[in-house]
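# A look at the structure
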Amino acid sequence: MRPATLALLVLACLAQLAVPAWWIVAHERTLAEGTVWRFRTTPVDPYDPFRGRYVTLTFDVARVERAPSWLRSGDRVWAILGTNAEGFAIFERFAPEAPDGAPAVPVRVLYAADGEANLQLPFSRWYLPEDLAPRVEAEWGRLSWDPERVTWAEVRVLGGNAVVEDLFVDGRPIRELVADPP
Amino acid sequence: MREGIRREDHAPAAGLDAGCGARLRRHVRWLIAELPGLEAAGVLDAATADRLRAHYAAHAGSDRRSLTLAVFGTLGATLVGAGVILLVGANWETLDRPARAALALGLLVVVQVLGAFAAVARPRSVAWTEATGSLWALGLGASLALVSQTYHLEGEPHAFLGTWMVLGLPIVYVLRSRLAGTLYLVGTCGWVLAAPTDALQDRIVLWLGAVLPFVVAVARGEGARRDHVLGWAAMAAALTAAAVAGDVLDGVWPIWLACLLGALAAGADLPRTVPGWAVPARLTSHLGGALLGLALTWPDAWPRDAIWIDTGSELLWSILGGALALGSLLGVVRAVALHDPARAVGPALPLLVGVGWVLDRSAGAGALWANVAVGLTGVGLLVDGIARQAPARANAGLGLVAALAVVRFFDAEVSLVVRGLAFVAIGVGFLVANLRVRRAPEGAP
């Protein structure tokens, strides 16, 4: 084997291992050390051809009614986290650069005009087994008509990295709810 | 020494290297079939015939054997991989997160070790390199998918495909695996087409070029006959690139496409292009050229957009189009030098479409020109096919004329009787042309 091919082999193996390993380390660290934030959600059930079924999470905070005038469509900005009176996560303010110390997540501005904005959050997927996803969707469809029900995603945030830990309906994990509907 | 040549070191005859293996293997098979006749005619004695048979027999069958081994090796490896994934998948829900992550990484390590073994210990074995190459590429994708699913990673399918393809590209060069190259080409085409914006498509399509050195090496003979699949994947990649170029240079998209098809036709006719590549390139060029020509017989098909070259992307695609046009032009020159004008039709596509484009812009006569050009090309091929006793060429010419007649009948106010008579006339034309080709005396010019 030529030295160049051998070098390419070694580099390829290392790079291929490094990418998923980095994903694992960063997310495990966030799950272990990150702060828990509860984001109000409305799930729907799409499909990813490579990774299977997932629940798309749409968040109340993704729609900003009083957005700063400097936000532009397509911008990537930092949303600084806070909580409302009910304990759910809100975006207190926005910053063009990562803030020092304050808990924040990077977001993309999908649309911004007339003081309003729609944001894309860095966590909007929650993967499920093939058979469970349609049941989650069906259960959600049934429960969402009930105005008393509240759903949220529990998200851990550490240093700008965010990982969805679980999905809840009225305090019960969604898997538990699907297995034993009310 | 190149990898491809080393793969064929087992050839018993010194001259049978990888660069011209397929053609020589056909000749060897012909020679072995001739031996009994030569022996009976007294040209060779039995001992010489036996020695020749023994000398060449192993090589004559080696390609088919290695191809069979490669196919079954790949199939076996894929089945084992799929079985393991199913076994793991059945118990996936019972595994905790770290176990899933470890399994995903473990899968990747296993396919890497198999690939590394093939690259170090079995670089000449087609079965090993193709089987492990495809398994490694698929295992990498499975591993990335499992990790991103386990951690609910954000990202659209095109971003996932991008990560997979970029990380998988070295597999093609480490193992010289055609199947891994095919997966890369198909995956990158998907990545380009799934990209949400034109600007992103524009950047991603450059990744198709990253596999070009390997593709060219194979087209010039590395690996000889086992390239049909990679050849077709390369055609799909070329057409994907043409789609992106057409978006960027929308005012001249037919010319750019004609340059690509012309260059493919010219490349297919080069003496060093192996049959496994010439066939996909020739078919894509001829069929694509016919469809493009027929499409341009409608006035609305000609682009009316303004032409600007003021971005880097537009400049890049224009330069590439120019290079393809130059390749086409060389094909025309070669066909003229060989005194075979019919061979110049494919490479002359950019010229024909370019003239039509100028006529369309200046006098709105692009569609008229396309009708004339397609009709004359069809008649020319038909006449030339009959004169040269080439039934494929004659039928292609008649097919082109028939297709032109059909598309014109769709948008012409002509009675059903006239249409029926025209179809009968075309059918009779096919029969007469084929009869003339068949009845011509052997050795006729």
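Here is what the cut-offs are and how they apply
Residues numbered from 1 in each chain as written. Chains lettered and ligands numbered in written order. Predicted model: local features only at pLDDT ≥ 70, side-chain atom pairs only at ≥ 80, totals over all residues. Heavy atoms only, no water. Helix = DSSP H or I, 4+ residues; strand = E, 2+ residues; numbered from the N terminus. Buried < 20%, exposed > 50% of the residue type's maximum accessible area, 1.4 Å probe, protein only. Contact = heavy atoms within 4.5 Å. Core = buried A, V, L, I, M, F, W, Y, C linked by side-chain atoms within 4.5 Å. Pairing = 2+ DSSP bridges. Axes fitted to C-alpha atoms, helices over the stretch in contact; angles between N-to-C directions. Left-handed = near helix turned anticlockwise from the far one by under 90°. Nonpolar A, V, L, I, M, F, W, Y, C, P; charged D, E, K, R; others polar. Parallel < 35°, antiparallel > 145°, perpendicular 65-115°, else oblique. Buried area = accessible area lost by both parts, 1.4 Å probe. Salt bridge = Lys/Arg side-chain N within 4 Å of Asp/Glu carboxyl O. Patch = residues over 30% accessible without salt bridge, like charges linked within 9 Å, V, L, I, M, F, W, Y side chains within 5 Å. Areas by Shrake-Rupley, 256 points an atom, 1.4 Å probe, with all protein chains shown as cover.

A few words now on the overall build of chain B. Helix and strand content of chain B: 18 helices and zero strands. Scored against the burial criterion, the 445 residues of chain B give a buried share of 46%. Considering only contacts in chain B between residues 6 or more positions apart, those separated by 24 or more positions represent 72%.

Helix and strand counts for chain A stand at three helices and 12 strands. Each of the 182 residues in chain A was classed as buried or not, and the buried ones make up 44%. A fraction of 62% describes how many contacts in chain A between residues 6 or more apart in sequence connect residues 24 or more apart.

This part is about the nonpolar core. Trp136(B), Leu185(B), Val211(B), Trp256(B), Leu260(B), Trp277(B) and Trp317(B) are the most contacted members of the largest nonpolar core, which totals 84 residues. Once you skip the residues sitting within four places of it in the chain, Leu260(B) turns out to touch Ala238(B), Leu239(B), Ala242(B) and Leu324(B). Among the nonpolar cores identified, the runner-up in size contains 39 residues, and Ala79(A), Leu119(A), Leu128(A) and Val169(A) belong to it.

Bringing the pairing of strand 10 (residues 151-158) of chain A into the picture now. Residue and element names in this part refer to chain A. With seven of eight residues buried, strand 10 is to be regarded as a mostly interior element. Relative to strand 11 (residues 161-169), strand 10 runs antiparallel, the two being bridged by eight bridges. Its bridge partner lying in strand 11, Glu 154 is registered against Asp 166. Taken together, strand 10 and the strand that follows it, strand 11, pair antiparallel across an intervening segment of two residues, in which Gly 159 is found at a positive phi of about 55°.

With that out of the way, let us pick up the sheet that holds strand 5 (residues 76-83) of chain A. Spatially, 4-8-7-5-6 (chain A) is the arrangement adopted by the five strands of the open sheet, whose pairing is antiparallel. Of all the strands in the sheet, the pair left with one neighbour each is strand 4 (63-64) and strand 6 (89-95) of chain A.

All names here are of chain B. Contact pair helix 12 (residues 253-268) / helix 13 (residues 275-295): the axes reach a minimum separation of 8 Å and the direction vectors enclose 145°. Crossing angle aside, the handedness with which helix 12 passes helix 13 is left-handed. Facing Trp 253, Pro 254, Leu 257, Ala 258, Leu 261, Leu 264, Ala 265 and Ala 268 of helix 12, the residues of helix 13 in contact are Ala 278, Ala 281, Arg 282, Thr 284, Ser 285, Gly 288, Gly 289 and Leu 292. Broken down by class, the residue content of the contact of helix 12 with helix 13 amounts to 11 nonpolar, four polar and one charged.

Further remarks concern the packing of helix 1 (residues 3-33) of chain A against helix 5 (residues 126-150) of chain B. In contact at an axis separation of 9 Å, helix 1 of chain A and helix 5 of chain B are set at 15° when each is read in the N-to-C sense. With respect to helix 5 of chain B, the axis of helix 1 of chain A lies roughly parallel. Crossing angle aside, the handedness with which helix 1 of chain A passes helix 5 of chain B is left-handed. Counting all contacts with helix 1 of chain A, which are made through Leu9(A), Cys13(A), Gln16(A), Val19(A), Pro20(A), Trp23(A) and Ile24(A), the residues of helix 5 of chain B involved are Trp136(B), Leu140(B), Leu144(B), Val147(B) and Ser148(B). When grouped by side-chain class, the residues that make up the contact of helix 1 of chain A with helix 5 of chain B number 10 nonpolar, two polar and no charged.

Listed by partner, the interface residues are 35 residues for chain B and 33 residues for chain A. Summed over both partners, the interface of chain B with chain A buries about 3,300 Å², with 66% contributed by carbon and sulfur atoms. It is Tyr151(B), His152(B) and Glu154(B) in chain B that bury the most area against chain A; as a group they hold 21% of the surface buried on that side. Taken together, chain B and chain A are joined by one salt bridge. Glu28(A) is the partner of Arg97(B) in a salt bridge, and the nearest nitrogen-oxygen pair spans 3.0 Å.

Further remarks concern a nonpolar patch on the surface. Judged by side-chain polarity, Met1(A), Leu6(A), Val10(A), Leu14(A) and Val120(B) come together as a nonpolar surface patch covering roughly 440 Å² of accessible area. The greatest single-element share of the nonpolar patch, amounting to three residues, is contributed by helix 1 of chain A. Looking at the element boundaries, Met1(A) is found in the segment before helix 1. Under the relative-accessibility criterion, Met1(A) is labelled partly exposed at 39%.

Think of it this way: side chains of opposite charge can pair up when their charged atoms draw near. All names here are of chain B. Per the stated rule, a full pass over the model turns up 14 salt bridges over all chains. Its salt-bridge partner being Asp 269, residue Arg 282 comes within 3.0 Å of it at the nearest N-O pair. On the criterion of sequence distance, the pair formed by Arg 282 in helix 13 and Asp 269 in the loop between helix 12 and helix 13 is long-range, its members being 13 residues apart. What makes Arg 282 partly exposed here is its relative accessible area of 31%. Ionic pairing is found between Asp 384 and Arg 388, a salt bridge with its closest N-O pair at 3.0 Å. For Asp 384, a relative accessible area of 15% puts it in the buried group. A relative accessible area of 37% places Arg 388 in the partly exposed class. Put simply, Asp 269, Arg 282, Asp 340, Arg 343, Asp 384, Arg 388 and Arg 393 are held in one network by salt bridges that share partners.

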